[in-house]
Amino acid sequence: RRQRQMCIRDRCYNENAEIHTAFGLFYKRREVFLVENKRSVTVVAALVREGDKFLIGQRPEGKARAGMWEFIGGKTEPNETNEEALIRECREEIGVTVEVGTLFTDVLHDYPDLFVHLFVYNAKITEGEPQRLEHQDFRWITPGEIDDLVFCPADVDVLAKIKAEFPAGGAN
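Residues numbered from 1 in each chain as written. Predicted model: local features only at pLDDT ≥ 70, side-chain atom pairs only at ≥ 80, totals over all residues. Heavy atoms only, no water.

Participant: Would you explain the overall build of the protein chain in this entry?
Facilitator: Secondary structure assignment for the protein chain yields three helices and 10 strands. Listing each helix as α and each strand as β along the protein chain from the N terminus yields β-β-α-β-β-β-β-β-α-β-β-β-α. Counting all 172 residues of the protein chain, 47% fall into the buried class. By sequence separation, contacts in the protein chain at least 24 residues apart represent 66% of the contacts at least 6 residues apart. For the protein chain, the computed accessible surface area is about 9,500 Å², with 47% contributed by carbon and sulfur atoms. (Helix = DSSP H or I, 4+ residues; strand = E, 2+ residues; numbered from the N terminus. Buried < 20%, exposed > 50% of the residue type's maximum accessible area, 1.4 Å probe, protein only. Contact = heavy atoms within 4.5 Å. Areas by Shrake-Rupley, 256 points an atom, 1.4 Å probe, with all protein chains shown as cover.)

This is how it looks when you write it as structure tokens:
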């Protein structure tokens, strides 16, 4: 018999009364994930725009979803806010300091090996120039170029929102 867990952000509850209590408290906040034998993570990403373009990175070989494109970001660490995690990840992945703005969107995605709650924030580079520190490549693209690249599946809904809100590739 599989053990069922419920994960809320990075805290998991075993199959007992804790689940029912936590489920009732958090269900309405869209933070509940029922996951069987699967890790659940919170991921943050930056929507960095420059004019009519936005920044993406290509995942390196040897990692899950290698070669696919994604927004710059990564997993939150314990006791770290989403904003702190995004600042850290941008520094580690592309060597820049960002100012984290408003939440652009959040997405729930169920990969075969992982359940992800992705938070995408508007962000602005305040210091440094992007470098290839963790990604094998990075690009500035317009919304019109989205369909020319293969993105991580969790980003599909984010990309649809970008195309809907900025259809001509213009900045807001």
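Continuing now.
Participant: I tried to follow the packing of aromatic side chains on my own but got confused; where do I start?
Facilitator: Each aromatic ring pair is described using two quantities: the centre-to-centre distance and the angle formed by the ring planes. Counting across every chain of the model gives one aromatic pair. Residues Phe54 and Phe71 carry aromatic rings whose centres are separated by 5.9 Å and whose planes lie at 25 degrees to one another, so their mutual orientation is stacked. Placement of the pair is Phe54 in strand 5 (residues 53-58) and Phe71 in the loop between strand 6 (69-70) and strand 7 (72-75), with a sequence separation of 17 residues. By relative accessible area, which is 2% here, Phe54 ends up buried. Positioned above the aromatic ring of Tyr111, the side-chain terminus of Arg65 is 3.8 Å from the ring centre. The ring centre of Phe104 lies 4.6 Å from the NZ or CZ of Lys161, which sits over that ring. (Phe/Tyr/Trp six-rings, centres within 6.5 Å; stacked < 30°, edge-to-face > 60°. Lys NZ or Arg CZ within 6 Å of the ring centre and 35° of its normal.)

Participant: Looking at this structure, how should I read the nonpolar core?
Facilitator: By size, the foremost hydrophobic cluster in this structure holds 25 residues, and its most contacted members are Phe54, Phe71, Leu118, Phe151, Val158 and Ile162. For this core, the secondary structure elements donating two or more residues are strand 4 (39-50), strand 5, strand 8 (97-110), strand 9 (114-127) and helix 3 (156-165). Those residues in contact with Phe71, other than ones at most four positions away along the chain, are Ala45, Ala46, Leu47, Phe54, Leu55, Asp155, Val158, Leu159 and Ile162. Core analysis: the second largest hydrophobic core is formed by 16 residues, Ile72, Ala85, Leu86 and Cys90 among them. (Core = buried A, V, L, I, M, F, W, Y, C linked by side-chain atoms within 4.5 Å.)

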